[in-house]
Each structure stands twice: as C-alpha cells, then as structure tokens.
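# Coordinates in review
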Amino acid sequence: MNGVTVELASSLAERQGPAPEPKDRLEEPVITAEEFSVFYGDNEAVKRVSLDVPPRRVTAIIGPSGCGKSTFLRAVNRMNDLIPGCRTEGLLALEGQDLNAPGVDVVTLRRVVGMVFQKPNPFPKSVFDNVAFGPRIHGVRGKPELTETVEVSLRRAGLWEEVADRLSHNAMALSGGQQQRLCIARALAVDPEILLMDEPASALDPRSTARIEDLIGELRADYTIVIVTHNMQQAARVSDLTAFLYEGRLVEFGPTDQLFTKPRQKQTEDYITGRFG
Amino acid sequence: MAGTSIPTEAGLLRRHLMLSRSASRLQRLGALAARGALLLVTCSSVFAVIFIFLFIFRDALPFFGLRGFAEVFTDTAWYPSAEPASFGALAIFFGSGIVTLGAVVVAVPLGVAAAVCLSDVLPFSVRQFAKPVIEMLAAIPSVAYGFFALVVLAPLLQEKGGVVLSVGACLAGAPLGLLAVVVLSDLLTSRLPDPSRPVVRLVLMGGLCAAGFYGLTQLVQLLLRLPIHSGTNALNVSVILGIMALPTVVSVSEDALHAVGRELREASYALGATRAETLVKVVIPAARSGILAAVVLGVMRAVGETMVVWMASGNAAQIPRPWFNVLEPIRTLTATIAGEMGEADHVTGSARYHVLFALALCLLLICFVCNLLGEWAVRRSKARLR
Amino acid sequence: MRLSTRKLLDRSFSGLGVFAILLMVGALLVLLAPIAARGSRAFVFRATVEHRQFMLEESGRGDHDAIDAEIRAAAEVRRKAYDMIARFEEELEAAGRSERRELRRSLREVKDHLAGLLGPAPGNARPVLLRDQYGQTRWDRALVGLGDFLYVTEYDYSDPSGMGRPLLVPRVDGFRGTSLEPLFAYVEQNLERMLRPRLTFYWRFLFDEGRDAHFFGGIWPAVLGTLYLTIGTMLIAAPVGIASAVYLAEFAGEGWLISLIRTCIGTLAGVPSIVFGLFGLAFFINTLGVSDSKSVLAGCLTLAVLVLPTVIRASEEAILAVPKTYKEASLSLGAGQGSTVLRVILPAALPGILTSVIISMGRAAGETAPIIFTAAVSLGRPLSLRQTLSQPTPALPWNIYNLCTEHEAVDQIRHVQYGMVLTLVLLVLLLNLAAILLRARLARRLAG
Ligand SMILES: Nc1ncnc2c1ncn2[C@@H]1O[C@H](COP(=O)(O)OP(=O)(O)O)[C@@H](O)[C@H]1O
Ligand SMILES: [Mg+2]
C-alpha cells in the first residue's frame, strides 16, 4: 500500500456510524440506470451506464473532471432539460418509473429529487424566504406552517443555531459554508426523498467542508443521497457506495471500502492511487 | 413537512411521477396558453412596425398618384400652399443631407476618439466619471438642445460669428498644424545622411511653422470677414446635432473596440508598436464594422431629429449657394413635416396633406435602410471577431 | 520615423481622445450653465410691488395690509411723476398748434412706456388685457423697460451697403426746455422706490397656472401634462415591454419568428420620432378613434410605441444578467418555469428593469415631435384624470418650442422659457440620476 491508499484507509475509518452491513435481503433500488446515455449534440457524455442506487445510503460518484459525473447527476432530476441539444438514451428510472417517459411531470420529479449545487446559490432574498421558497411554490401559505417548515429544515441542515436571530437578513451576507447549508435546508424544505449533491464542498474551506460532510452523515438515515466529488478522501469519508466513472463509462461500482481497498479494475486502482486524473 | 418526511419502509416514493393524462393535457394547455399570450404581447412590436409602414404608405401613395414621382425629387420650388401649388422637395432633401453630413463630420472623429480613449487610454476611475457625462448628454431632451441652439447659439453666431469661428479654427488648427510640421519634417529628412539631418530638420521645422502660422492668420482674417446673415443656419444645427449624436457614436464604438479583445492588442505591443500605432493599425481596423455601425446609428439620430432643426435651421427651403455654404439657413424633412402638418391637417386628402406623408415615407425608408445596414455591420463584426 | 516622433504621435493621439472627452464635458456645461443660471431666475428673482399686488389681487396671496402699505408708499413716489405729466399737459394747451401735435405724439409714447413700467396711471380706465393692468413684476424686466423709457432707438443708414445701425437717442432731448424735462431724471433715480424690488423665491412658478399668455404666473398645466404623458406612457409601455423581454429572454428559441421580432424591435428603435407623430395621428386618432382629436391618451399610446424598444432591450439585458444559478436552484426545488420567472428571475432583475423603465420615462418626458399631432396644445388648463382620456394638454417640451418661436412677445417671457427648460431638464436628469444610483446599488448588491 502506498501513501495515498493509507490516507484513504484512514478516511474510511473516520466514517461516522457503522458501515452498512451487507444486507441479506435484496433492497429495492431507488434509482436504476440501464444502458443509460446522455448526449450533448453528438458528444456522448455519459455512455451506457448501468447501476442501482439503494435507498438511504450515500452513493458517491467519483472520476476525473469531464468524465460525466455532473451530467449523470443532473439527468436524475432532469436539469439537463435546460440545455439545448441535450438528449438521453436507455433507461433511467426512479422506483421503476422511467424518468424520461413522455408523461412525467418534472415539477413533481424535482420535488422528490432535491439538488445541491457546486457553488452555493441562495436567492438574493432573506434567509427565511430562501427556505420558504419551495413550500410557497408548492402552495403552502399559512405563516405558522411556513415558520415550522423553515425551522425544521434549518435544524436538519445544522444551521438553525447560527441564523435563528437573523432570519430576515439577506442570505447573501452569510458565509460560503453557511450559504451551502442554507441551500441544503432549502432543498430539504420541499420534502424530497433523494438528494443530489454536485461537489457540494468544493468551493468551501476545510472547516465548512467538514461541517457539510458531518451533515451528510446525519442525513443519510432519512434520505437517499447521491454525491458527486472529485475528492477521493471525501468519497471515502462520507459514502457507503462508490461509482467510478471514466470518460463517460462506469468502470466500477460497489461498496466504498471495497472499491478503495480492493478495486477490481486496473483503471480504478490507477485512479485511486493517483496514477492519472 | 420536513419533520414528517421520514420515508416509510414500504413504498419509498409516495408520489407518482406520472401525471394522469387529463392533468398532463391540462397542464400542457395552460403552459401553451400562457406562452401564446406572451408571444402575442411580444409580437406587438411587429404589429407596430407593420402598422407604421402601412399607415405612412397609405397616406403617402395618393400623393404620387396625384403628382407623380419626378417633381418631389428633382424640383426645388416648394410652395405647397400656393395656387398652383408646387412640391419640389429637392432643397429639403438637400437640407437634411447637409446637416446630417455636418453632424457626422462633428460626431464621428470626436466620438471614435473618445471611444478609443475610454476603452484604451483613460484609467478606470476617469472612465467612471465620463460615463455619466455621456449618459446625461444622451438624456437631455432634444427640445432643450433646440432651445439652446435658438436662444443662445444663434444670437452668438449672428453677432460674433466671425470671432467664434476663428477661435474654433485656432483651437483646432494650431495643435494639428504643429503636429503636421513635426511629422512632415521628420518624414522629409529621414533619407538624409546623418550629420546634416538635425540641422536640416530644424530649418525645415522653422519654415513649415512660419508657413502654417501665415496660413492660419489668413484663415482667421477670412473668417472674420465672413458675412453671417442669420444665426439660425446649417452650421448651428450641424454642431448641435453632432453633439447629440456623440453619445450614440461613443457607446457603440466603445463596445466595438472592447470586443476586439486583449490578445490582438498584446500581439501588437509585443512587436514594439506604440499605443497609437496599435490602435490605429490593429484595433480600429479590427473593430471597423462596429465603428461603421456607430456611424450609421449616429446618422440615423441626426436624420430623424426634429426639434433642433425645426427651431434653429432657419427653415428656408433653398439650396445654399455655393452648396457647401453652411452659414445659410436650410430646411429639413423632419422640420417640414412638423411645421406644415398643423396647417395641412384640415385639408386632409389634398396633395398638400399627402406630400407630408410622402416625405415621412422617404424619411422612414432612409432610417430603415440605415438600420439594416447598422444591424448587418454589427452582425459582421461579431462574426469576424469570433 | 524617429522614435521621438512616434512617441509624439502617440501622445497627440491620446490627447485627441482626452480632448474629445473634455469637449463633451464642456458641451454639457455650456449647455446646462445658461439653462441653470437663467432658468433659476424664473423661481428666484427680484419681484416688484406689482408682482405682490398681482398675487394679492389675482390669487389672494400675501399679507393684505403690508402690501397695501407698500402700494401706497410706491404711489406716493409715483405721484410726482404723474404730476409732472399733468403739468406738462396743461402747458401744452398753451402751446402753438403744430408744435402741440408733435409733442402730443411724443408724450403719448412717454405715457405708454411709463404705463408699461408702473401699470396704468391713476384715474385711467382699467385696461382690458391683464398684462396692461399691472406694471413690471420683475426688476430685470423693469430695467429693460426703463431703457426703453429713457432712450429712443433710431437707425443710422449712413452705410448704404450694410444694415442700419441702431442708435440710442435720449428721449429727454425731445422735451428740452419743457416742464417734462425733469421727469426722465426723476424716474431714472426713483424707479427703485416706485417698484420696490425685493428678492423673492417664487416656488409657486411650478404650481401656478400661466396667466395672459404666460406674462404672469407659472407653468403648472404643462408640468402636469408632462407628468400625465410620462406616467401614462410607462403604464402602457412597461407591462408590454417587460412581458416581451421575458418572452425573448426566457421562452424564445431561435426561429424565423423570433428573428423577425428582433428585427422589428430594431426597426422600431430607428423610426424617427416625427414619424411616430404622424403614425399616432393616422392610427390612434383617425383610425382607431381613441379620442376625437388630440388627447393625452393618444399621446401616451404614441409615446409608448416609441419607448417600447428601449424598454424591451434594456429589460431583456437585465433578465439575461440574472445568474443562471438562480434559475437552476428554483427549478431544482420543483418550481415550474412560470413561477421561476415570476418569483426568482423577475425580482432579481427588477433593479435593472426599473432602471430601463426610468430611463425610458426620461425619454418620454422629453420627446416633442410625437406629441405635436397627438397630444399637445399650447394653452390649456390643468386636466383632471378623467379628462386625460379625451382632452389635449400643454406639455413642457411642446410649450418650450411654442413659447420661444410662436409667442407674440418672445423676448418678454424669456424667464418663463428658461424656467420651463430648466424644469424639463431637471426632471429628465433626476430620472437618469435615479437610474444611475439604482444601477450602482444593484452592482454593489451583486458584488456583495
Ligand atoms: N452544457 C454542455 N454542453 C455541451 N457539452 C457539455 C455541457 N456540459 C458538459 N459537457 C461535456 O460533457 C462532458 C461531461 O461533463 P460534466 O458532466 O460536466 O463532467 P464532470 O462533472 O464529471 O466534470 C464533458 O466532456 C463536457 O465537455
Ligand atoms: Mg462537474
């Protein structure tokens, strides 16, 4: 074992909570991809990927930059719809419902699948209005209900103590780490079941990163989380399962400790030991 | 509620992603209707343009039916209310042309120079200060410019016109002349052998300076003797229109210069070019389509301006003699329409009424062509810089 | 070329640019200075007792007793002048016939000029025109009137090729040796006591109606008309323009229809303003018949078409400047496209949109040509809101034109003209200043 893998091993050991014991009973996967491809025009950014994401686990997607991690993630809540010329092939399903079928309501889909972006992107509104945005959109009007939702969401995101006394302040005035947790709270407030996180800590300082990672550990019990990261230590610290994408292809997918300690593929091993990428 | 959202073991996804067919159709219809309504509102600009052309055409065509095409464009006798009436608008077209030309002569060199200065020369802090000045110049209503031209500038020109012109000539001529002397003497002596060169240069410079000074004094004397019968004339209007067109020219050409990008400039500097050489030989040629667009927009502003020319051009439907004598009063298309519509209003249907729409149609077409030209230039400059 | 020459050329090139910018600053100053200096004199000037008397009698303003006392004091000084005239008239009766006719004519001129300065002489019938019922209300005008009173302008045609040169001949020369001779010196020395000028801040200039073709009073109807036109225009143009901008920025793809729309917006921006005037007359009034003839409504509609392209372009720019992340965040929370636009994009773009609306307001306030045939009249009362649907109105830009070209006594009401120009320019510049400040705040907010 060289230095890098030692470090990864220690990251694995740092993980909170018990590593998921291999389940005997077959868990219904929440997200299923089968031969799933995404194209930007003629450029196939995600190539025939097949994988099953189990419920209430943290699944990390790692890989060198440009390998299609974000593209795959954004396909799950159909954010790629915004990009002209982007189309998909194959199957991507949520509990067996094809996401790209004609009748799918993207609004409902995105309520169920929340997303946190790489750069914190709060609205230029107050902290309260940011968190209340989603519930309001979905028709919650009553002040007491909104207040409760906001508090619960902020508590779950571990931000309540820090902002309780300045809910009416502009969210832009928060620090970067606080902003990112606010974005998580905002996503939680619409009551999703899946959380997609696209490099949620890459724009943050180490301490804020640690806070976010702790938070992911706490949320793991209630939500199915898919996190994209190019930081392998982070993947090792927070995830239960890891998928390694390379040039759009899924190279390897399995329990995190196994993937980092006993990779089955040569490419994976090269990547995690830092020989490329 | 977020608090109650902990998924149950059975049926993780409590919600169906699929809409029922009727709900989906309803939603799609709603979205379509909203989009359609927005599109309709957006199309109001199209309707406006169509209606403008339609209505100006509708009232312009009868004139050509009544009087034919030749008279308006070839004759200079403009007596629409006489008996028999004559509608020769050549002098009016000429008037519009000459003040526009004058405005371009004022606005384009200054505007491009200012744009270059703003984009390449001045430090950022000064730029921040210059921007509001340009915006204010653009914001001042044309009637205020017209008032200034009529009440302040015209009496000044009429009473002290010679002095004003001479001061202007000296201010512009002296530095330009000096510059020309230095450059010329350098160019002329560049072939000479080394030891004699500085001496010859000095002598040449002295001689050229004297000649230039003599020329300037002659010019001033000429200007001082110039008869100015009326302060409301083409010169007055051209200067004011030029100043009004400046903000447009400056901001559009500044955009064009910005679009050229750093790489080209750095390439030129790296070859040892001075800033002026870089700008003149590299940046401005690269931005020339954008600058052309600026000129075209400036022309449009000047051709279409009404109040200044109506108030301060003298409104004489004549071609000055000689034609470039900008100290004579003239009359433009816009001023004619504005001034005569009031009287022609109650004779709807007569040639006198329709001729004004015919003039408006010409104006509209001129601006339309200018606009297409400008858009084409902008598109070309964008395409080239990409 | 030598290096030093190249450097010189380089420097002169920069110099040309700096000169151009300084010229613009200079042009702005030269333009604004006389407007500010003389325009402010419509508001702050040395008002004579005639001004106060006019205010008291026509609109009941001022301290009745104090003004009465002032009038009496002034009348005391004036009486001596009238006495001199009366004595001279008696003397005339005794003079020879031919001499008498000549002097009578000169005397009439003297009396007319004096009436122009001081108002009608006591005992005369009340004149018909309001302007003849009072003397000079402004001290600066009174000094001009004093010049006319003291001197006769004659022309010297000794140079047959040129124009006649004006010569000032003292009027008193015609009355040497008569009992009227001291009158001129008396008036010259005592005019201040006869008119009692006092520095006055006449802020009501803005809110008073003009009286007797603007010889007295203020400019309220025109100010109100401009406000109506400006606000009405934006009420029409802003919703249409913003909706168009939203469609173009958020919903439109690329296609022939969209490029047609964009071309049309460009074309519309290039249509000369006078053509808008003709179009408004032909379309809104003669064809649609929104009103029987000129009306504020027709003017607003015409101006709205004129500012539409500006509003659309600037609003679209503001919408496109909203960071894409806002939209992504909103969509990822399950908001539809409609609610994303309404709740996230428009609020974020609002300062930019407001800036464009404010700048367009300035444009609408200052445009003259489009309202000549559709909305503006030279004289009128302030309109009520209901009347704007059917009645034309005075408006600042049109009245400026009208007063300085078509008024019967252009020179005598310069202060009104300047006051109007100042008001209009201030209105427009303040609107622009607001826009600039708004934009600066926006920039700061997006930075922080
Ligand atoms: N909006 C887009 N349009 C076209 N190609 C894109 C777009 N976004 C990403 N791509 C391409 O898709 C590939 C995968 O990108 P991405 O999913 O962002 O990679 P990652 O997130 O793993 O760094 C890259 O080759 C990239 O160039
Ligand atoms: Mg990425």
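All values derive from a computational prediction rather than experimental measurement. Residue indices begin from 1 for each chain and proceed along its sequence in written order. Numbering of ligands from 1 and lettering of chains from A proceed in the order in which they are written. The predicted nature of this model means local features are confined to residues of pLDDT at least 70 and side-chain atom pairs, given and counted, to a pLDDT of 80 or more, with totals for whole chains, interfaces and linings taken over all residues. For side-chain calculations, the full set of non-hydrogen atoms in the structure is used, while hydrogens and water are omitted.

## Brief notes about the overall build of chain C
The line we're drawing: By the criteria applied, helices consist of DSSP H or I runs no shorter than four residues and strands consist of E runs no shorter than two, each listed in order from the N terminus. Note that the radius of gyration is over C-alpha atoms, with the globule rule given as 2.2 Å times the number of residues to the power 0.38. Summary of the burial criterion: residues with accessible area below 20% of their type's maximum are buried, those above 50% are exposed, and those between are partly exposed, where the area comes from a 1.4 Å probe applied to protein chains only. Note on areas: these come from Shrake-Rupley sampling with a 1.4 Å probe, and a residue is covered only by the protein chains present in the view. Counted as positive: Lys and Arg. Counted as negative: Asp and Glu. His and the chain ends are not counted at all. For the purpose of locating charges, the reference atoms are NZ of Lys, CZ of Arg, CG of Asp and CD of Glu.
Per the secondary structure count, chain C includes 16 helices and six strands. A globule of 448 residues ought to have a C-alpha radius of gyration of about 22 Å, yet chain C, at 31 Å, is considerably larger. Reported as C-alpha extents along the three principal axes, the dimensions of chain C are approximately 105 × 75 × 45 Å. Relative to its full complement of 448 residues, chain C shows a buried share of 52%. When the accessible surface of chain C is summed, it comes to about 20600 Å², and 58% of that surface belongs to carbon and sulfur atoms. Seen as two clouds, the 47 positive and the 41 negative side-chain charges of chain C have centres 9 Å apart.

## What about the overall build of chain A?
Keep this limit in mind: Contact between two residues is taken to exist if any of their heavy atoms lie within 4.5 Å; hydrogens are not considered.
Counting its regular elements, chain A contains eleven helices and ten strands. A compact globule built from 277 residues should have a C-alpha radius of gyration of about 19 Å, and chain A, at 19 Å, falls within 12% of that. For chain A, the C-alpha atoms occupy an extent of roughly 55 × 45 × 35 Å along the three principal directions. In chain A, which comprises 277 residues, the proportion classed as buried is 56%. Residue pairs in contact within chain A that sit at least 24 positions apart in sequence constitute 70% of those at least 6 positions apart. If you sum the accessible surface of chain A, you get close to 11300 Å²; carbon and sulfur atoms cover 48% of it.

## Structural notes on the side chain of T368(C)
Checked against the element boundaries, T368(C) lands in the loop between helix 13 (337–366) and helix 14 (369–372). What makes T368(C) buried here is its relative accessible area of 0%. In this structure, T368(C) is in contact with V143(B), M307(B), P397(C) and W398(C), ignoring residues within four places of it in sequence.

## Observations regarding a nonpolar patch on the surface
Residue and element names in this part refer to chain B. The test is simple: To count toward a patch, a residue needs a relative accessible area above 30% and no salt bridge. Like charges then connect within 9 Å, nonpolar side chains (Val, Leu, Ile, Met, Phe, Trp, Tyr) within 5 Å. Salt bridges, as used here, are contacts in which a Lys or Arg side-chain nitrogen is within 4 Å of a carboxyl oxygen on Asp or Glu.
Taken together, the side chains of L40, F47, I50, F51 and L54 define a hydrophobic patch exposed on the protein surface, amounting to about 470 Å² of accessible area. Per element, the largest residue contribution to the nonpolar patch is four residues, and it comes from helix 2 (residues 44–67). Mapped onto the secondary structure, L40 falls in helix 1 (residues 21–42).

## Quick look at the site of ligand 1
All names here are of chain A. Test applied: It suffices for a single heavy atom of a residue to lie within 4 Å of a molecule or strand for the residue to be listed as near it. The definition of a polar contact used here is a pair of N or O atoms within 3.5 Å, where within protein one atom must be able to donate a hydrogen and the other to accept one, and adjacent residues in sequence count solely through side-chain atom pairs.
The full set of residues close to ligand 1 is Y40, N43, A45, S65, G66, C67, G68, K69, S70, T71 and I83. The side chain of Y40 places a nitrogen or oxygen atom 3.5 Å from a nitrogen atom of ligand 1. Between an oxygen atom of ligand 1 and a main-chain N or O atom of C67, the distance comes to 3.3 Å. In the complex, the protein chains occlude 60% of the 550 Å² of accessible area that ligand 1 would expose alone. Residue assignment for the shell around ligand 1 shows that the elements contributing at least two residues are strand 2 (43–53) and helix 2 (69–76). If one sorts the elements of the shell around ligand 1 by residue count, helix 2 sits on top with three residues.

## Focus on the interface of chain B and chain C
What counts, and what does not: Buried surface area refers to the total accessible area, computed with a probe of radius 1.4 Å, that the two partners give up upon joining, counted for both partners together. Side-chain classes follow a simple rule in which Ala, Val, Leu, Ile, Met, Phe, Trp, Tyr, Cys and Pro form the nonpolar group, Asp, Glu, Lys and Arg form the charged group, and the remainder, Gly included, forms the polar group.
In this complex, chain B contributes 84 residues to the contact, which on the side of chain C involves 80 residues. Between chain B and chain C, roughly 6900 Å² of surface is buried when both sides are summed, and carbon and sulfur atoms account for 81% of that area. Residue contributions to the side of chain B that touches chain C peak at 13 residues, all from helix 6 (residues 142–189) of chain B. Considered class by class, the residues forming the side of chain B that touches chain C number 64 nonpolar, ten polar and ten charged.

## Notes on the confidence of the model for chain C
The following threshold applies: Every residue gets a pLDDT, meaning the predictor's confidence in that residue, from 0 to 100.
Summary statistics for chain C give a mean pLDDT of 88 and a share of 98% for residues scoring 70 or more. For this predicted complex, the interface confidence comes out at an ipTM of 0.90, alongside a pTM of 0.85.

## Considering the sheet that holds strand 3 (residues 58–62) of chain A
All names here are of chain A. For clarity, the cut-off: We call two strands paired when DSSP finds no fewer than two bridges between them. Angles shown run from 0 to 180 degrees and are taken between the N-to-C directions of axes, each axis being a line fitted to C-alpha atoms and, for helices, limited to the stretch in contact.
Pairing within the open sheet is mixed, and its six strands lie in the order 6-7-8-3-9-10. Both outer strands of the open sheet, strand 6 (113–116) and strand 10 (249–255), are each paired with one neighbouring strand and no more. Averaged over all pairs of adjacent strands, the angle between their axes in this sheet comes to 15 degrees, without regard to strand direction. Direction of pairing for strand 9 (residues 241–246) relative to strand 10: antiparallel, over a ladder of six bridges. Residue pairing for strand 10: L245 is matched across the bridge by L250. Contacts from helix 2 reach strand 3, strand 6, strand 7 (194–198), strand 8 (224–228) and strand 9, with the element oriented near 155 degrees to strand 7. Against the sheet, helix 8 (residues 206–219) engages strand 3, strand 7 and strand 8, with an angle of about 150 degrees to strand 8.

## Some thoughts on the sheet that holds strand 1 (residues 31–40) of chain A
All names here are of chain A. Taken in spatial order, the four strands line up as 2-1-4-5 in an open sheet, and their pairing is antiparallel. Each having just a single partner strand, strand 2 and strand 5 (97–98) make up the two edges of the open sheet. Judged from the eight bridges that link them, strand 1 and strand 4 (residues 86–94) form a sheet pairing that is antiparallel. Following the sheet pairing, S37 is matched in strand 4 by E89.

## Brief notes about the interface of chain C and chain A
Between chain C and chain A, the contact holds 18 residues from the first and 25 residues from the second. Taking both partners together, chain C and chain A bury about 1800 Å²; carbon and sulfur atoms supply 65% of that area. By the criterion of area lost to chain A, the three top residues of chain C are S332(C), L333(C) and R343(C), representing 36% of everything that side buries. Scanning the region where chain C abuts chain A turns up one salt bridge. Linking chain C with chain A are four residue pairs in polar contact (both at pLDDT 80 or more), by the criterion used here. Looking at the side of chain C that touches chain A, the elements that each hand over two or more residues are helix 12 (324–332) and helix 13 of chain C. Among the residues forming the side of chain C that touches chain A, the class breakdown is seven nonpolar, seven polar and four charged.

## Quick notes on the pattern of salt bridges
Side chains that differ in sign of charge can pair as their charged atoms come close. Residue and element names in this part refer to chain C. One pass over the structure, following the stated rule, counts 43 salt bridges over all chains. With a closest N to O distance of 3.1 Å, R262 and E316 form a salt bridge. Of this pair, R262 sits in helix 9 (residues 256–270) while E316 sits in helix 11 (residues 296–320), placing them 54 residues apart in sequence. One network of salt bridges, with partners in common, ties together R52, E70, R196 and R198.

## Re unusual backbone geometry
Within the chain, E199(A) stands out as a residue other than glycine whose phi angle is a positive 45 degrees. Within the secondary structure layout, E199(A) lies in the loop between strand 7 and helix 8. Using a relative accessible area of 9% as the deciding quantity, one classes E199(A) as buried. Of note in this structure, N315(B) is not a glycine but carries a positive phi near 55 degrees. By the element assignment, N315(B) lies in the loop between helix 12 (307–312) and helix 13 (333–344).

## Things to note about the pairing of strand 1 of chain A
Residues and elements named next belong to chain A. Judged by how many residues are buried, strand 1 sits mostly within the fold: seven of ten residues are covered. Relative to strand 2, strand 1 runs antiparallel, the two sharing seven bridges. Pairing of F39 across the sheet is with E44, part of strand 2. Linkage of strand 1 to strand 2, two consecutive antiparallel strands, is achieved through a turn of two residues, within which G41 is found at a positive phi near 60 degrees.

## What to know about the domain arrangement of chain C
Under the convention used in this document: Each domain span listed reflects an automatic or database assignment of domains.
For chain C, the domain assignment lists domain 1 (50–198) and domain 2 (220–447). If you average the C-alpha positions of domain 1 of chain C and of domain 2 of chain C, the two centres end up 50 Å apart.

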